[in-house]
Amino acid sequence: MSEQFNTELFHAKLYLGPEKDELFETGPWPKPFVFNEDVVRVFDDMISRSVPLYREVLACAAHWAKDYFQPGTRIIDIGCSTGTFLELLGRFFKQPTALVGIDNSQPMLEKARQKLIETQQIHQLELICANAENCSFENSSVVVVNYTLQFLPLQARQKLLNSIWEGLTPGGLLFLSEKVKSPHPQFQETITRHYEAFKAHNGYACSEIERKKEALEDVLVPLTEAQQIEMLRASGFSQIDSPLKLHNFISLVALK
Ligand SMILES: C[S@@+](CC[C@H](N)C(=O)[O-])C[C@H]1O[C@@H](n2cnc3c(N)ncnc32)[C@H](O)[C@@H]1O
């Protein structure tokens, strides 16, 4: 029975850089928050200790990618950062596949290039340094946007979703993960407290959590889940679901 299922990703480790995120422990920390060289240096540790279910989300996205990939098309990771998802995907896809990573931070892509040396030996890998808003997504059957749309101005988010819709082949899939906020102030307060407890559990001091929160203000502007879904609908997606949610982080899948 189990032979019908590919369970390899449930055990797969992520390839994460070793440097500990202590950026917000002592000054000067990036305020407002930017993906500069200091952040890039510790980014893998930062994201894996700051995003609930980070490993599970990447494994889940890889499973969805496998199910919706159409041979001869591309898989695009927008906001690929240091290439962690593409590296995982590269191990999961046994056939040579066209993998594209887009990020507007050159230092991120330099790290990604190092991480993806083996991936590149098997797959057709393209890393593009550009603003996602200016990119074309044509001939893609899977587009992954994990924790990146949230950094764009609202109008640019809609524009980006529109061009993802345009570029996806019929039957293609968007996998989108975002920080969200609750429409109910009391729940927002509770969820935030739970999220901050999660960060504290992962070794961040209260002062670090506070400083990072301040640095992200007006830089990472979360929508509610309903607003996010509305934006997807406005782009043309009608079949939408949410395979994962914990605290104030959600993953959505949307089919063209
Ligand atoms: C939180 S990180 C994404 C994490 C990554 N997807 C992962 O799962 O590890 C956000 C990334 O988006 C990139 N980014 C921000 N705005 C962008 C834009 N307009 N176009 C392309 N990349 C952008 C940043 O440089 C950063 O690497």
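Residues numbered from 1 in each chain as written. Predicted model: local features only at pLDDT ≥ 70, side-chain atom pairs only at ≥ 80, totals over all residues.

Caption draft 1: Inspection of the overall build of the chain at higher detail. Helix and strand content of the chain: nine helices and eight strands. Its C-alpha atoms give the chain a radius of gyration of 18 Å, near enough to 18 Å, the size a compact globule of 256 residues would have. If you line up the chain on its principal axes, its C-alpha atoms span 50 × 45 × 40 Å. Among the 256 residues that make up the chain, the fraction classed as buried is 37%. Long-range contacts, defined here as pairs at least 24 residues apart, represent 78% of the contacts in the chain between residues at least 6 apart. (Helix = DSSP H or I, 4+ residues; strand = E, 2+ residues; numbered from the N terminus. Rg over C-alpha atoms; globule rule 2.2 N^0.38 Å. Buried ≥ 20, exposed ≤ 12 C-beta atoms within 10 Å, placed from the backbone. Contact = placed C-beta atoms within 7 Å.)

Caption draft 2: Expanded view of helix H1 (residues 37-50). Relative to the 20 Å expected for 14 residues at 1.5 Å per residue, H1 spans 18 Å between its end C-alpha atoms, a close match to the ideal helical length. Taken as a whole, H1 carries its principal kink of about 65 degrees at Phe-43. Restricting attention to buried positions, one finds in H1 the residues Val-40, Phe-43, Asp-44 and Met-46. (Expected span 1.5 Å × (residues − 1). Bend = angle between axes of the 7 residues up to and from the residue.)

Caption draft 3: Seen up close, the environment of Ala-132. Within the element layout of this structure, Ala-132 appears in the loop between strand E3 (124-129) and strand E4 (140-146). Among the residues examined, Ala-132 registers 24 C-beta atoms within 10 Å and is labelled buried. Remark: the alpha-carbon pair of Ala-132 and Ala-156, spanning 24 residues in sequence, is separated by 9.4 Å. When sequence neighbours within four positions are dropped, the list of residues in contact with Ala-132 reads Ile-78, Gly-79, Ile-102 and Leu-160.

Caption draft 4: Region of interest: the site of the ligand. The ligand sits among 19 residues. The nearest are Gly-79, Ser-81, Ser-105, Ala-132 and Asn-146. Where the shell around the ligand is concerned, the elements lending two or more residues are helix H3 (84-92) and strand E2 (98-103). Grouping the amino acids of the shell around the ligand by side-chain chemistry returns nine nonpolar, eight polar and two charged. (Near = placed C-beta within 6 Å. Nonpolar A, V, L, I, M, F, W, Y, C, P; charged D, E, K, R; others polar.)

Caption draft 5: Molecular detail of the packing of helix H2 (residues 54-68) against H3. Across the interface, H2 lies against H3 with an axial gap of 10 Å and an inter-helix angle of 50 degrees. Of the possible angle classes, the one that applies to H2 and H3 is oblique. For the pair H2 and H3, the crossing hand works out as right-handed. Along its contact with H2, which presents Leu-58, Ala-61, Ala-62, Ala-65 and Lys-66, the element H3 presents Thr-84, Phe-85, Leu-88, Leu-89 and Phe-92. A class-by-class count of the residues in the contact of H2 with H3 yields eight nonpolar, one polar and one charged. (Axes fitted to C-alpha atoms, helices over the stretch in contact; angles between N-to-C directions. Parallel < 35°, antiparallel > 145°, perpendicular 65-115°, else oblique. Left-handed = near helix turned anticlockwise from the far one by under 90°.)

Caption draft 6: Expanded view of the nonpolar core. The biggest cluster of nonpolar side chains holds 53 residues, and the ones touching the most others in it are Ala-65, Val-143, Val-144 and Leu-174. No other element matches the seven residues that H2 contributes to this core. Setting aside residues no more than four positions away along its own chain, Ala-65 makes contact with Ile-75, Leu-89, Val-142 and Val-144. (Core = buried A, V, L, I, M, F, W, Y, C linked by C-beta atoms within 7 Å.)

Caption draft 7: Inspection of the pairing of strand E7 (residues 239-246) at higher detail. With six bridges joining them, E7 and strand E8 (residues 249-255) adopt antiparallel strand pairing. Following the sheet pairing, Gln-239 is matched in E8 by Leu-255. Joining the antiparallel neighbours E7 and E8 is a turn of two residues, in which His-247 adopts a positive phi near 50 degrees. (Pairing = 2+ DSSP bridges.)

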